[in-house]
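Topology and contacts: notes
The lines below spell out each chain.
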There are 2 protein chains.
Amino acid sequence: MNIQFADRMGNVQKSFIREILKVTVNPQVISFAGGLPNPASFPVEEVQKATQKVLNDDGNNVLQYSTTEGYLPLRQYIAQRYLKKKGLIIDPDEILITNGSQQGLDLIGKILLNKNDDILLEEPGYLGAIQALSIFEPKFHTVPLLDDGIDINSLEEVLKRCTPKLFYAVPNFQNPSGITYSAQNRESVANILKNTNAIFVEDDPYGELRFIGEDVPSMKTYLGDNAILLGSFSKIIAPGMRLGWICAKREIMEKLIIAKQASDLHTNYFSQRVAYQYLIDNDIDNHIKKITELYKKQRDCMVSMIEKYFPEEVKSTKPEGGMFLWATLPQGFSSLELFDIASKQNVAFVPGDPFYINKKGTNTLRLNYTNSTEDKIEEGIKRLSEAIIGLIK
Amino acid sequence: MNIQFADRMGNVQKSFIREILKVTVNPQVISFAGGLPNPASFPVEEVQKATQKVLNDDGNNVLQYSTTEGYLPLRQYIAQRYLKKKGLIIDPDEILITNGSQQGLDLIGKILLNKNDDILLEEPGYLGAIQALSIFEPKFHTVPLLDDGIDINSLEEVLKRCTPKLFYAVPNFQNPSGITYSAQNRESVANILKNTNAIFVEDDPYGELRFIGEDVPSMKTYLGDNAILLGSFSKIIAPGMRLGWICAKREIMEKLIIAKQASDLHTNYFSQRVAYQYLIDNDIDNHIKKITELYKKQRDCMVSMIEKYFPEEVKSTKPEGGMFLWATLPQGFSSLELFDIASKQNVAFVPGDPFYINKKGTNTLRLNYTNSTEDKIEEGIKRLSEAIIGLIK
């Protein structure tokens, strides 16, 4: 038999990170490559208690099919938290529970994108979004990131060349760069987008993980119904439960629900019930405080080790939250070549290439600090510095 | 803002059954409309124990991100069960864990279907498959079902008119009709398909729920690698855990894994671990025996009440397993009209229309017996008979 796959599969690469992670199977390797939360932060006992409670009290319902939209009390909880944390007034019916926020990307692509539709992404951009949206064969246009957010001039330029349906971005502690858009930058971006038909998709998996500075308003504050929000419990409870959500106005939500139902009927109801029970029986803000204290130490350690060991020609970001920082080698040096040298010295990271739409041999790299001890961070950065010196000197 | 949705969304209807189920919110209504397993069959205590065990023993891993393919021991378990129950030799790497088998349909559509590709479905066909595959804008062609399976003459005819990429079917206790393909019918279908490039997608959510007769070989027995199998734990453990799987040869599996990763990274790992622990700590065959004993009583009750009360012009199937039976009114009468009459008499079912690609005003209807007590089945069939008599006499 001769199998003809769909054209759309020609656009989607096997995950580069998946290949990278093969190097990290070797226990000798110190890996800054993954994007994993620190399992020490998982509320295992509390999840146990929550599970017992929901199964004891309502086991037959907890294990049954449920609604496509998701468990209403969980959606109400999310709506209330938007009000409390961001001052956003959201109706629970504008929230759909998804299998992690990654599924939100798939559903948004499904309902909005025809082949060759223009879309905007940050450069560098989140790899999972590039992968998810590639399935729908859009034309990607990118806008560079500066230290305080989107490069406004580039945004204005690109909007002269295309008519994007959506702009996907991670304004808080961006993946991969770790940068956060300033309030002023957000307002400028919003003012420019107001004159277009582009929906701003604000993905915010790390927003609660701030350890320095003050929160900045959501893009929805400026854009109202022209923003779609993606959220996730993966970084504040646990990723294994695969719980995220989309928040969108009703006209969009109606289509999202149809697409979600066609995709998998509904999100795991057992997990939804356990997560909700966990949230109402525990002080999540206190739990988040513990996580950010842990991550701040790890971030501080990586930043200071970089200052201590990296050659000064190498620049890197100093994130105020989240899980990643981003380093830039001097022009002309390839982080893929660095990867080969570094892996021989038993240290791994993600080279920049997969975070760009059409660039190869880039001089950037992503470093994760949340899933290493301080000892490993010191030793790993030391090894990486040696590899960098081997490459550039 | 003027939102332009993707063309593909024009092909997908809001779920008809969702609308139907609104009638059943009224507690006076006896509903044969849903497709729910009986919650009395859910192993709540055993799931509790399994959850405690996996969280106690390995909580930090159970709550972490995991692999796209799914938990290897669970895939090994499924492979071993295929060998034991169906004599099929499957490599665990040919199995991908999905969010229920519904997601399998989405992934298969994603990797195989271009717009206007021909595909084959049974008539009547599974509504969830029509919905999931519609997203990819194929040309649907249908082949009628007879009492023992596919209408072979019609299959030969339709293959003269089109070149299908896949043939989606539910050969065991089909949804909606309740019929099962005979071994001879399967062999005939396979012999015809061998000369084509059509992949046979065998969806088998109910296959383990046989209460009369003997198992019939899987289509994969005849078609080998040209069959994709979809399976589910929803009917033998619990649907709230959203665990299903796809079994496909490596060439196809490689693409499925890419599509799965783009869609939602991986299936809920917490549920996968709990389900696996449940499976190894309990006698699943004994548990399935309890379910089928329960469902057999309900099925027997519905069949005998139909014999007792329905006018003899109404024909209905007598399923050997599964969750549904299918009734046919005399020609010219519409089951949608019957639905209106019946809902006034506080009994609900699913009219046939949504199970057909392009037919309206059909004279068929689906009845679910697994989620009612015998008392309710008797009273509901009595009410439905009165509605039928009101319509046809």
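The rules behind the values
Residues numbered from 1 in each chain as written. Chains lettered and ligands numbered in written order. Predicted model: local features only at pLDDT ≥ 70, side-chain atom pairs only at ≥ 80, totals over all residues. Heavy atoms only, no water. UniProt positions renumbered as here; feature names shortened; annotations may be inferred. Least-squares fit on C-alpha atoms with pLDDT ≥ 70 in both. Contact = heavy atoms within 4.5 Å. Pairing = 2+ DSSP bridges. Helix = DSSP H or I, 4+ residues; strand = E, 2+ residues; numbered from the N terminus. Axes fitted to C-alpha atoms, helices over the stretch in contact; angles between N-to-C directions. Buried < 20%, exposed > 50% of the residue type's maximum accessible area, 1.4 Å probe, protein only. Buried area = accessible area lost by both parts, 1.4 Å probe. Salt bridge = Lys/Arg side-chain N within 4 Å of Asp/Glu carboxyl O. Polar contact = N/O pair within 3.5 Å; in protein donor to acceptor, adjacent residues only side chain to side chain. Nonpolar A, V, L, I, M, F, W, Y, C, P; charged D, E, K, R; others polar. Phe/Tyr/Trp six-rings, centres within 6.5 Å; stacked < 30°, edge-to-face > 60°. Lys NZ or Arg CZ within 6 Å of the ring centre and 35° of its normal.

- Under the annotation held in an unreviewed UniProt entry, chain A carries the name PLP-dependent aminotransferase family protein and is attributed to Acetivibrio mesophilus.
- The UniProt entry for chain A carries the following comment under Sequence similarities (unreviewed entry): "Belongs to the class-I pyridoxal-phosphate-dependent aminotransferase family."
- Under the heading Cofactor (unreviewed entry), UniProt records this for chain A: "pyridoxal 5'-phosphate".

So, the relation of the copies chain B and chain A
- Between chain B and chain A, which share one sequence, the superposing operator has a rotation angle of 180 degrees and an axial displacement of 0.0 Å; the RMSD is 0.0 Å. A rotation of that kind, with that shift, is consistent with a two-fold axis.
- A share of 100% of interface residues in chain B that are also interface residues in chain A marks the association as one of identical surfaces.

Examining the sheet that holds strand 3 (residues 118–123) of chain A
Residues and elements named next belong to chain A.
- Here we have eight strands laid out as an open sheet, ordered 2-9-8-7-6-3-4-5, and mixed in their pairing. Looking at which strands have only one partner, the edges of the open sheet turn out to be strand 2 (95–99) and strand 5 (149–150).
- Sheet analysis places strand 3 next to strand 6 (residues 166–169), joined by three bridges and oriented parallel. Bridge assignment links Ile119 to a residue of strand 6, and that residue is Leu166.
- The strands touched by helix 3 (residues 72–86) are strand 2, strand 8 (227–232) and strand 9 (243–247); relative to strand 2, the strand with the most contacts, the crossing angle is about 110 degrees.

Quick word on unusual backbone geometry
- Cis geometry marks the peptide bond from Asn175(A) to Pro176(A), where omega comes out at 15 degrees.
- Looking at the secondary structure, you find Pro176(A) in the loop between strand 6 and helix 7 (183–193).
- With an omega dihedral of 0 degrees, the bond running from Glu123(B) to Pro124(B) counts as a cis peptide bond.
- Here Pro124(B) shows up in the loop between strand 3 (118–123) and helix 5 (127–134).
- The residue Leu265(A) is not glycine, and still its phi comes out positive at about 70 degrees.
- Looking at the secondary structure, you find Leu265(A) in the loop between helix 9 (250–264) and helix 10 (269–281).
- A positive phi angle is found at Asn346(A), which is not glycine, with a value near 60 degrees.
- Within the element layout of this structure, Asn346(A) appears in the loop between helix 12 (335–344) and strand 12 (347–348).
- Judged by relative accessible area, which is 21%, Asn346(A) ranks as partly exposed.

Observations concerning the interface of chain B and chain A
- Contacts between chain B and chain A engage 80 residues on the former and 80 residues on the latter.
- Together, Met1(B), Leu63(B) and Tyr65(B) form the three largest contributors to the area buried by chain B at its contact with chain A, with a combined 11%.
- Run the count over chain B and chain A and you get two salt bridges.
- Taking the shortest distance from any N to any O, the salt bridge between Lys110(A) and Asp106(B) comes out at 2.6 Å.
- Here chain B and chain A share 44 residue pairs in polar contact (both at pLDDT 80 or more) between them.
- Of all the secondary-structure elements, those providing two or more residues to the side of chain B that touches chain A are helix 2 (44–62), helix 4 (100–112), helix 5, helix 9 (250–264) and helix 10 (269–281) of chain B.
- Residues that form the side of chain B that touches chain A fall into these classes: 36 nonpolar, 30 polar and 14 charged.

Things to note about the packing of aromatic side chains
- Under the defined criterion, the tally for this structure stands at 19 aromatic pairs over all chains.
- Relative to Trp245(A), the ring of Phe233(A) has its centre 4.9 Å away and its plane inclined at 55 degrees; by these criteria the two rings are tilted. One end of the pair, Phe233(A), is in the loop between strand 8 and strand 9; the other, Trp245(A), is in strand 9, with twelve residues separating them in the sequence. Of the two residues examined, Phe233(A) and Trp245(A), each falls in the buried class.
- What links up through ring pairs into an aromatic cluster is the set Tyr71(A), Tyr269(A) and Tyr276(A).
- Between the NZ or CZ atom of Lys255(B) and the centre of the ring of Phe5(A), over which it lies, the distance is 5.3 Å.

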